[in-house]
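Remarks on the overall topology
What follows is each chain in one-letter form.
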Amino acid sequence: MFGFSIRVKDIAVLLLALSFAGATSLEAQTSHRRRETNANRAARIQRTIQETYSHRWEVAGGGGFLRFRSGQYLQKNNEVTFWSTTTYYLNEKLGILADVRGMYGNAKINNGAGTPTEPINLGFNPQISEYPLMGGVVYRLYAKEKFAVALTGEGGVAIGKFDGGSKGIPSQYLHVWQSQIRPAMSIGANFDYNFYPNLALRITPTWVGTMYHLDPADTAPTPHGSFQNNAGVNIGIVYRFGKIK
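Notes on the structure follow.

Reading the values: rules and limits
Residues numbered from 1 in each chain as written. Predicted model: local features only at pLDDT ≥ 70, side-chain atom pairs only at ≥ 80, totals over all residues. Heavy atoms only, no water. Helix = DSSP H or I, 4+ residues; strand = E, 2+ residues; numbered from the N terminus. Buried < 20%, exposed > 50% of the residue type's maximum accessible area, 1.4 Å probe, protein only. Contact = heavy atoms within 4.5 Å. Areas by Shrake-Rupley, 256 points an atom, 1.4 Å probe, with all protein chains shown as cover. Phe/Tyr/Trp six-rings, centres within 6.5 Å; stacked < 30°, edge-to-face > 60°. Lys NZ or Arg CZ within 6 Å of the ring centre and 35° of its normal. Pairing = 2+ DSSP bridges. 1 Å grid on protein atoms, 1.4 Å probe; cavity = no way out; pocket = protein on both sides within 12 Å on 5 of 7 lines; lining within 4 Å. Points joined across faces, edges and corners; volume = space filled by probe spheres on them. Nonpolar A, V, L, I, M, F, W, Y, C, P; charged D, E, K, R; others polar. Salt bridge = Lys/Arg side-chain N within 4 Å of Asp/Glu carboxyl O.

**Comments concerning the overall build of the chain**
The number of helices and strands found in the chain is one helix and eight strands. From first element to last, N terminus to C terminus, the chain shows the α and β order α-β-β-β-β-β-β-β-β. Looking at the 245 residues of the chain, the share that counts as buried comes to 35%. Counting contacts in the chain only where the partners sit at least 6 residues apart, residues at least 24 apart contribute 67% of the total. When the accessible surface of the chain is totalled, it reaches about 14,000 Å², and 63% of it is carbon and sulfur.

**Details of unusual backbone geometry**
The backbone of His175 sits at a positive phi, close to 65°, despite the residue not being glycine. Structurally, the position occupied by His175 is in the loop between strand E5 (147–161) and strand E6 (180–196). Of the residues examined, His175 reaches a relative accessible area of 19% and is grouped as buried.

**What to know about the packing of aromatic side chains**
According to the stated counting rule, one finds 11 aromatic pairs in the structure shown. These aromatic residues form a ring-pair network of at least three members: Trp57, Tyr88, Tyr239 and Phe241. Positioned over the ring face of Tyr89 is Arg140, at 4.2 Å from the centre of the ring.

**Some thoughts on the pairing of strand E4 (residues 127–143)**
In terms of strand pairing, strand E3 (residues 94–106) meets E4 through 11 bridges, oriented antiparallel. Following the sheet pairing, Tyr104 is matched in E4 by Ser129. Two elements, E4 and E5, share 14 bridges in a ladder whose sense is antiparallel. Across the sheet, residue Gly135 finds its bridge partner in E5, namely Gly155. Between E4 and the antiparallel strand that follows it, E5, lie three residues.

**Focus on empty space enclosed by the protein**
Under the definition given, this model contains three cavities of 30 Å³ or more. Around the largest cavity, the lining is made up of 15 residues, and of these Thr85, Thr152, Glu154, Asn190 and Arg202 lie nearest the centre. Within the residue set of the lining of the largest cavity, elements represented by two or more residues are strand E2 (76–89), E3, E5 and strand E7 (199–210). Sorting elements by how many residues they give to the lining of the largest cavity places E2 first, with four residues. Taken together, the residues of the lining of the largest cavity break down into four nonpolar, six polar and five charged.

**Things to note about the pattern of salt bridges**
For the structure shown, the criterion picks out eight salt bridges. Of the charged contacts in the structure, one is a salt bridge between Arg240 and Glu58, with a shortest N-O distance of 3.1 Å. In this pair, Arg240 sits in strand E8 (residues 228–241) while Glu58 sits in strand E1 (residues 57–69), placing the two residues 182 residues apart along the sequence. Arg240 sits in the buried class, given a relative accessible area of 2%.

**Observations concerning the environment of Ala150**
With respect to the helices and strands, Ala150 occurs in strand E5. The exposure class of Ala150 is buried, given its relative accessible area of 6%. Taking C-alpha positions, Ala150 is 8.4 Å from Gly188, a pair spaced 38 residues apart along the chain. Leaving out residues up to four positions away in the same chain, Ala150 has contacts with Val138, Tyr139, Arg140, Leu141, Gly188, Ala189 and Asn190.

**Points about the pairing of E2**
A regular strand places its side chains on the two faces of the sheet in alternate fashion. What you see with E2 is a clean split: Asn77, Glu79, Thr81, Trp83, Thr85, Thr87 and Tyr89 sit on the buried side and Lys76, Asn78, Val80, Phe82, Ser84, Thr86 and Tyr88 on the side with no burial. Note: E1 against E2, 13 bridges, orientation antiparallel. For Arg67, the partnering residue across the bridge sits in E2 and is Asn78. Linking E1 to E2, which pair antiparallel, is a turn of six residues. In the sheet, E2 pairs with E3 via 11 bridges, with the strands oriented antiparallel. When the sheet's bridge partners are listed, Val80 is paired in E3 with Tyr104. Turn length for the E2-E3 hairpin, with the two strands adjacent in sequence and antiparallel, is four residues.

Set out below in structure tokens:
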């Protein structure tokens, strides 16, 4: 009887030891699988990042909004915009871009339009438009699997059309810039959300500087309306293709 009791105790101790060893082994295997899963996930994310930002070309376009001053003495008006950009990347951070934009709005004509002897009451706000054509550079500051941030700097010219909607009244009599081609510049910040490595949503707060005059023949050191600060935001879609070798 005593020997049987000893054997039962031995078996119980053995079972307990085996149970502990099995639990330890299971925990080690689970920990190993977890480390392996985390490593695989990190490797997958890194492959996606590499695939996303190793594209040579980006084409992007969409619409937006801009606040624009249409004359030296006029209030700023709201404009709807379109934009289209093509970018060639020299490496995964630095690229060269070409940018075409169009802005459309209505100038806010005030009660002082016309001349002191011939005041004008137009009765409506005439349509105006501008078309900046610019080139510049883009530099990526932040590039992750789903998000990217880049800064842009551009320069070029802007075609201004300010008298097409005034029913034949010259724009200078309405205190609106005269139609002309003048220097333009822009800076912006691209915020991209990546749906896929080659497709993203882009939101770009943008500043546009233009240099329209009331009189194109004005060559004074500080001509009337020599510089305009305009700010807005662009929203659109980005498509990437090609590979940086």
